[in-house]
Amino acid sequence: MPTALITGVNGQDGSYLAEFLLSKGYQVVGMVRRSSTVTCERIQHIQNDMTIVQGDLHDQSSLVAILEEYKPDEVYNLAAQSFVATSWSQAVLTGEVTAMGVTRLLESIRLVNPKVRFYQASSSEMFGKVVETPQRETTSFYPRSPYGVAKVYGHWITINYRESYNLFAVSGILFNHESPRRGLEFVTRKISHGAARIKHGLDKELHLGNLDAQRDWGFAGEYVQAMWHMLQQERPEDFVVGTGETHSVREFCEAAFNYVGLNYQDYIVKDERFMRPSEVDMLIADSTKARQKLDWSPRVGFKDLVAMMVEADLKRLRNGNVSSEKQ
């Protein structure tokens, strides 16, 4: 029975990946940070089927200890300061976790067991001010936020350790992937939750920033399967994962409010507070390589994804559970 270590297991992707690996017969070890309130709502339903350990990407000794004790065959690094907006106000912290944290984990693997297969969660935000459309594995990076810059470092240090120490280390360049488990600070969940609250009569308007930004949005539950496929290949390679379709924030609003029978234009307020210092205008994936080599392709379409998220938020509010992130 293979063992997998997932950092950031209590996040959106971590929870879906843990579910998927458990269904594959893995022993799953999930790493969470020690804090005064450890939030494991997304993994409550599977918590008894896995091992939860405390560790921190700031602290290499904790990473070494976990690798030595649990001897994972695969390591999925999903932990990060992953919110782009926060990376402007906490730029140094973002660099420490999202960039240097990758180095600490790779170095720990190199020291403890270089045969471990390693997955790094790279991001479409690395492309930023895009130099070509659509974006593929060979597209140059032009990050437009401290988060994007940190992810570029994490991506290249993974390649560096792969080539320098012959590690099986790969990066998945995942484009935006959403779900009912998305955090409330992310614009898609903010919209689905806002539409549900307005439908329930709890709010009268929803404040948003740039409605014209376009993204390639898919379903997180499918994207984590691509991560696993990357680590099952004969040789380590990096892959772009996305739908190949682009939709604006405005379209997301329209679909979400349509689902509850409302016109988004009656409720959306454009708010300068939510505008970024530098914006990423449009991201769209060319995931031809993933489709061909991993035999992976998305099945959940844009409108189905929006409907899934709004319906989950309507249900949460009906049940009086406003804060829960678990589907």
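Residues numbered from 1 in each chain as written. Predicted model: local features only at pLDDT ≥ 70, side-chain atom pairs only at ≥ 80, totals over all residues. Heavy atoms only, no water.

Moving on: the sheet that holds strand β6 (residues 168-174). The sheet built from seven strands is open, its strands ordered β3-β2-β1-β4-β5-β6-β11 with parallel pairing. Of all the strands in the sheet, just β3 (51-54) and β11 (239-241) have a single pairing partner and so form its edges. Within the sheet, the average angular offset between the axes of one strand and its neighbour, ignoring direction, is 20 degrees. Bridging between β6 and β11 involves three bridges; their strand directions are parallel. Paired with Leu174 across the bridge in β11 is Val241. Relative to strand β1 (residues 3-7), helix α1 (residues 12-23) is tilted by about 175 degrees, and along the sheet it contacts β1, β2 (27-32) and β4 (74-77). (Pairing = 2+ DSSP bridges. Helix = DSSP H or I, 4+ residues; strand = E, 2+ residues; numbered from the N terminus. Axes fitted to C-alpha atoms, helices over the stretch in contact; angles between N-to-C directions. Contact = heavy atoms within 4.5 Å.)

Here the focus is the pattern of salt bridges. The full count for this structure, using the stated rule, is 17 salt bridges. Taking the shortest distance from any N to any O, the salt bridge between Glu132 and Arg136 comes out at 3.1 Å. Note that Asp313 is salt-bridged to Arg189, the shortest N-O span being 2.8 Å. Linking Asp313 in helix α10 (residues 302-318) with Arg189 in helix α6 (residues 187-199), this pair joins segments that are 124 residues apart in sequence. Exposure remark for Asp313: the relative accessible area of 1% places this residue in the buried category. Among the ionic contacts, a cluster of salt bridges with common partners joins Arg235, Glu237, Lys289 and Lys293. (Salt bridge = Lys/Arg side-chain N within 4 Å of Asp/Glu carboxyl O. Buried < 20%, exposed > 50% of the residue type's maximum accessible area, 1.4 Å probe, protein only.)

Turning our eyes to something else, we now look at helix α5 (residues 146-165). For α5, which comprises 20 residues, the first-to-last C-alpha distance of 28 Å matches the rise-based estimate of 28 Å (1.5 Å per residue) to within 8%. Backbone geometry just downstream of α5 places Asn166 in the positive-phi region, at approximately 60 degrees. (Expected span 1.5 Å × (residues − 1).)

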